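Single-letter residue listing:
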Amino acid sequence: QVQLVESGGGLVQAGGSLRLSCAASGSIFNIFTMRWYRQAPGKQRELVAVISSGGSTNYADSVKGRFSISRDNAKNTVYLQMNSLVPEDTAVYYCNADLQVVPYSPVRDYWGQGTQVTVSS
């Protein structure tokens, strides 16, 4: 059974920083692309940042220059460093990963349960 568990969310003042972590555990053979999404109240879930297995990254325009995604393949963990936070960053943040549980098995995507980030003005 594969699990993705996020941590690091919380309440922070505008201008502050938070670092989110998402650790994948269970029967995992290989992890490919990893992503962070967020969903604010009343809004659709949006893609925030992506990192490939080779370390290539992409960001939503709204977070470029403020957020940084990274991964530690040895720990099956992806991180999201969030700086210069603004109230509009308030949302539940979810990690997502494409992975294989055994060799030659289909690549499936898995989701974490989400962690709340609240930025006060």
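Please refer to the structure higher up on the page.
Residues numbered from 1 in each chain as written. Predicted model: local features only at pLDDT ≥ 70, side-chain atom pairs only at ≥ 80, totals over all residues. Heavy atoms only, no water.

Draft legend 1. Here's a closer look at the overall build of the protein chain. Within the protein chain, the regular secondary structure consists of zero helices and eleven strands. Taking 2.2 N^0.38 as the reference for a compact globule, 121 residues should give roughly 14 Å; the C-alpha atoms of the protein chain span a radius of gyration of 14 Å, in line with that estimate. In terms of its C-alpha atoms, the protein chain occupies a principal-axis envelope of roughly 50 × 25 × 25 Å. Counting every position in the protein chain, which comprises 121 residues, the buried fraction comes to 43%. Sequence-distant contacts, at least 24 apart, represent 55% of the contacts inside the protein chain between residues at least 6 apart. Just so you have it, the protein chain exposes about 6,400 Å², and 48% of that area is on carbon and sulfur atoms. Seen as two clouds, the 10 positive and the 8 negative side-chain charges of the protein chain have centres 2 Å apart. (Helix = DSSP H or I, 4+ residues; strand = E, 2+ residues; numbered from the N terminus. Rg over C-alpha atoms; globule rule 2.2 N^0.38 Å. Buried < 20%, exposed > 50% of the residue type's maximum accessible area, 1.4 Å probe, protein only. Contact = heavy atoms within 4.5 Å. Areas by Shrake-Rupley, 256 points an atom, 1.4 Å probe, with all protein chains shown as cover. Lys, Arg positive; Asp, Glu negative; His and termini not counted. Charge placed at Lys NZ, Arg CZ, Asp CG, Glu CD.)

Draft legend 2. Geometry of the side chain of threonine 90. Looking at the secondary structure, you find threonine 90 in the loop between strand S8 (77-82) and strand S9 (91-100). If we skip the residues at most four places from it in the chain, threonine 90 touches Ala40, Gln116, Val117, Thr118 and Val119.

Draft legend 3. Geometry of the state of the cysteines. Taken as a whole and assessed by the stated rule, the structure comprises one disulfide. In this model cysteine 22 forms its disulfide with cysteine 95; the gap between the sulfur atoms is 1.9 Å. With cysteine 22 in strand S3 (residues 18-25) and cysteine 95 in strand S9, the pair connects residues that are 73 residues apart, well separated along the chain. The exposure class assigned to cysteine 22 is buried, which follows from its relative accessible area of 0%. (Disulfide = S-S within 2.5 Å.)

Draft legend 4. Region of interest: the nonpolar core. Within the largest apolar cluster, 30 residues are counted, with the highest numbers of intra-cluster contacts made by Leu4, Trp36, Leu80, Met82 and Tyr93. Only S3, strand S4 (30-39), strand S5 (46-51), strand S7 (67-72), S8, S9 and strand S11 (115-120) provide two or more residues apiece to this core. The element contributing the most residues to this core is S9, with five residues. Once residues within four sequence positions are removed from consideration, methionine 82 is found in contact with Gly16, Ser17, Leu18, Leu20, Arg66, Phe67, Tyr93 and Val117. (Core = buried A, V, L, I, M, F, W, Y, C linked by side-chain atoms within 4.5 Å.)

Draft legend 5. Local environment of the side chain of threonine 115. If you trace the backbone, threonine 115 turns up in strand S11. Residue classification places threonine 115 among the buried residues on the basis of a relative accessible area of 11%. Within the local environment of threonine 115, its side chain forms a polar contact with the backbone nitrogen of glycine 9, the two atoms lying 3.3 Å apart. Discounting chain neighbours no more than four positions away, the residues touching threonine 115 are Glu6, Gly9, Leu20, Ala91, Val92 and Tyr93. (Polar contact = N/O pair within 3.5 Å; in protein donor to acceptor, adjacent residues only side chain to side chain.)

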